[in-house]
Amino acid sequence: MTTNGLIKAKFFEPFMSICTLVFSSSMSTPNGGFSILHQIPEGHVGVYWRGGALLKTITDPGFHWKLPLVTQFEPIQVTIQTDEVRDIPCGTKGGVMISFGKIEVVNRLRKEYVYETLLNYGVKYDKTWIYDKIHHEINQFCSLHSLQEVYIDVFDQIDEKMKEAIQIDCTRYAPGIQIISVRVTKPTIPDSVKRNFEQMEEERTKVLIAIEKQKVAEKEAETQKKMALAEAEKNSEVSRILMEQKVMEKISAKRQQEVENEVYLAREKSLADASFYRAMREAEANRLKLTPEFLELKFIEAIANNSKIFFGDKVPKMIFDQRLLGNFLSDIDK
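Per an unreviewed UniProt entry, the protein chain goes by Band 7 domain-containing protein and derives from Spirodela intermedia. Under Sequence similarities (unreviewed entry), UniProt gives the following word-for-word description of the protein chain: "Belongs to the band 7/mec-2 family." Heading Subcellular location (unreviewed entry) of the UniProt record for the protein chain holds this comment: "Endoplasmic reticulum membrane".

What follows is the structure, encoded as structure tokens:
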């Protein structure tokens, strides 16, 4: 082995020994009392004590250095966590003992309040403000309500009431603790009381079923009524439309008859006017024909057409003078 190799070996072996001591000591104890290098997991912050006194140093997730034996550390979770409080006995206002099997409290410690919270309440701050507080609030709630109210009537309000009660005191005394939600399971009650509640629930269910059946029957009756009304309205509307159609047909027929009558009347009037006009024109023409000369001509034609000839001494008296006959007719016309 060369001189350089010997020198490297002399320095490398002590360095490896120190590193092994550091890492082995950091993994040997949970709080790393003998360690120099320690690790803070994600979602946590590191807090430190020296000689029992809490230091203001707060470290983020990752690897950090500290003095062994003198300084202790503890990772504190600052993300959302769920604390389960189990087996919480309480007595109702009527003196019945019941027990809540499990209550879950979802909470978070704000990072900026870590030092203040641990300084006042220690690492187990959640025991004071969550576990013990839940016991206290549940007993307070049960003592103010009957078994009927706790088990049935106001059971759905317990979650919000617990959350509100815990958050009010935390905001006042430990502002770093944020209560996000509370989930309360159904409490355990004595078997005899439970049977009574089950019977009551069965009777209530029967009543609800009867009410629902009644509602269904009323709904069906109402539906049938609406259908009947709709059918009657439809028939009435159809009858009205048919009646209007018949009326319109009558009006149309009447109008058609009136038009035909008007046409007939106009035609007859026109014919009558034509006949009257023809008669007037014929009369006027006849008046114009009745002249003495025309009458004399007609008289001569009548005599000429007569096939009988009379003989006797009185015959000449029967033949009047044409002028006398014309004058006589003129007098009659005037």
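Caption draft 1: Expanded view of the sheet that holds strand 7 (residues 97-109). Strand order in the open sheet made by the three strands is 6-7-8, with antiparallel pairing throughout. With partners counted over all chains shown, the strands left at the sheet margins are strand 6 (81-91) and strand 8 (177-184), one partner each. When the angles between neighbouring strand axes are averaged without regard to direction, this sheet yields 30°. Strand direction decides the pairing type here: strand 6 and strand 7, joined by 10 bridges, are antiparallel.

Caption draft 2: Examining the nonpolar core more closely. With 40 residues, the main nonpolar core has Ile98, Phe100, Ile103, Ile134, Ile138, Ile158 and Ile177 as its most contacted residues. Examining the composition of this core, we find that seven residues originate from one element, helix 3 (residues 125-143), more than from any other. Residue contributions to this core reach at least three from each of two domains, namely domain 1 (36-77) and domain 2 (78-189). The residues touching Ile98, leaving out its near neighbours within four places in the chain, are Ile88, Pro89, Cys90, Thr92, Cys142, Leu147, Val150, Pro187, Thr188 and Ile189.

Caption draft 3: Representation of the packing of helix 3 against helix 5 (residues 158-173). Their axes nearest at 10 Å, the elements helix 3 and helix 5 cross at an angle of 130°. In terms of orientation, helix 3 and helix 5 fall into the oblique class. In the packing of helix 3 onto helix 5, the handedness of the crossing is right-handed. Here Trp129, Lys133, Ile134, Glu137, Ile138 and Phe141 of helix 3 lie close against helix 5, whose contacting residues are Ile158, Lys161, Met162, Ala165, Ile166, Asp169, Cys170 and Tyr173. The class makeup of the residues in the contact of helix 3 with helix 5 is 10 nonpolar, no polar and four charged.

Caption draft 4: Main features of the packing of aromatic side chains. By the definition in use, this model includes three aromatic pairs. Note on Tyr48 and Phe73: the rings are 6.4 Å apart at their centroids and 40° apart in plane angle, and the pair reads as tilted. Here Tyr48 is found in strand 2 (residues 44-50), whereas its partner Phe73 is found in strand 5 (residues 71-77), with 25 residues between them in sequence. Both residues of the pair, Tyr48 and Phe73, count as buried. Between Trp129 and Tyr173, the ring centres sit 5.9 Å apart and the planes meet at 15°, which makes this aromatic pair stacked. Of this pair, Trp129 sits in helix 3 while Tyr173 is found in helix 5, placing the two residues 44 residues apart along the sequence. By way of ring pairs, the aromatic residues Tyr121, Trp129 and Tyr173 are connected into one cluster.

Caption draft 5: How the structure looks around the state of the cysteines. In total, this model carries one disulfide according to the counting rule given. Put simply, Cys90 and Cys142 are joined by a disulfide, and their sulfur atoms are 2.5 Å apart. Disulfide Cys90-Cys142: the torsion about the S-S bond is -45°, which places it as left-handed. In this pair, Cys90 sits in strand 6 while Cys142 sits in helix 3, placing the two residues 52 residues apart along the sequence. Note on accessibility: Cys90 and Cys142 belong to one class, buried.

Conventions adopted
- Residues numbered from 1 in each chain as written.
- Predicted model: local features only at pLDDT ≥ 70, side-chain atom pairs only at ≥ 80, totals over all residues.
- Heavy atoms only, no water.
- UniProt positions renumbered as here; feature names shortened; annotations may be inferred.
- Pairing = 2+ DSSP bridges.
- Helix = DSSP H or I, 4+ residues; strand = E, 2+ residues; numbered from the N terminus.
- Axes fitted to C-alpha atoms, helices over the stretch in contact; angles between N-to-C directions.
- Core = buried A, V, L, I, M, F, W, Y, C linked by side-chain atoms within 4.5 Å.
- Buried < 20%, exposed > 50% of the residue type's maximum accessible area, 1.4 Å probe, protein only.
- Domains from an automatic or database assignment.
- Contact = heavy atoms within 4.5 Å.
- Parallel < 35°, antiparallel > 145°, perpendicular 65-115°, else oblique.
- Left-handed = near helix turned anticlockwise from the far one by under 90°.
- Nonpolar A, V, L, I, M, F, W, Y, C, P; charged D, E, K, R; others polar.
- Phe/Tyr/Trp six-rings, centres within 6.5 Å; stacked < 30°, edge-to-face > 60°.
- Disulfide = S-S within 2.5 Å.

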